[in-house]
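Observations on the model geometry
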Amino acid sequence: LRVVKLVLVVLVVVHWYGCLWWYIGAVLEADVDSLWRPPAELLAMNASDEGAFVMQYFYSTYFAFSLLSGFAPLAVEPETLLETMFSIAGVILGIILSAMVVSSATSALSNLDAAAESHRRDLDAINGYLRFKRVPVELRRRINGFYNYVWASMQYMDQSHAIKGLPPQLKLQLLLAINMRQL
């Protein structure tokens, strides 16, 4: 869901940035001839021309993606103050969008591993307890097998009740192993 939201945010930003670029190049700076502006053949298209709007829209979207990502295929340099300010805003916006994408990807990957990390911590705590109480290796192996089965079955395992969650037979054997030395 977060990935979908992120893609939608990027698409909306690119849409608005592309539309604003077209407006600046076609309306506000119509008398300036530079590579930064939309090509003259696109500007000359009428709305009545078949596919004119689609071509103009996708060209402006392409330019917005290029400027925001920093991978512009042409050496397009702004020539006026407005073009320069718009380009600087685009670079800053592109950096922010890149940071959002990287942080979302990092967060998604860490969330995928969070459950496994929690399971490893639980097993480490249980194994530490079992080693401290000098539980026989065979019984430790069976207890670990049980908790691995529970985790693989996606059942909830509360760390504070880890030992209490054992089946009665394993719990009895564990208590016997722990208390045998005291008897």
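Residues numbered from 1 in each chain as written. Predicted model: local features only at pLDDT ≥ 70, side-chain atom pairs only at ≥ 80, totals over all residues. Heavy atoms only, no water.

Together, Val 3, Val 4, Val 7, Leu 8, Leu 11 and Phe 65 line one region of the surface with nonpolar side chains, adding up to about 530 Å² of accessible area. With five residues, the single largest contributor to the nonpolar patch is helix H1 (residues 2-28). By secondary structure assignment, the location of Phe 65 is in helix H3 (residues 52-69). For Phe 65, a relative accessible area of 38% puts it in the partly exposed group. (Patch = residues over 30% accessible without salt bridge, like charges linked within 9 Å, V, L, I, M, F, W, Y side chains within 5 Å. Areas by Shrake-Rupley, 256 points an atom, 1.4 Å probe, with all protein chains shown as cover. Salt bridge = Lys/Arg side-chain N within 4 Å of Asp/Glu carboxyl O. Helix = DSSP H or I, 4+ residues; strand = E, 2+ residues; numbered from the N terminus. Buried < 20%, exposed > 50% of the residue type's maximum accessible area, 1.4 Å probe, protein only.)

Let us now look at the nonpolar core. Core analysis: the largest hydrophobic core is formed by 14 residues, its most contacted members being Val 14, Tyr 17, Trp 21, Trp 36, Phe 63, Leu 68 and Phe 86. With six residues, H1 is the largest single contributor of residues to this core. Among residues more than four places away in sequence, those in contact with Tyr 17 are Ala 64, Leu 67, Leu 68, Phe 86, Ser 87, Ala 89, Gly 90 and Leu 93. Counting 12 residues, the second-largest nonpolar core is a separate cluster that includes Leu 123, Ile 143, Tyr 147 and Ile 178. (Core = buried A, V, L, I, M, F, W, Y, C linked by side-chain atoms within 4.5 Å. Contact = heavy atoms within 4.5 Å.)

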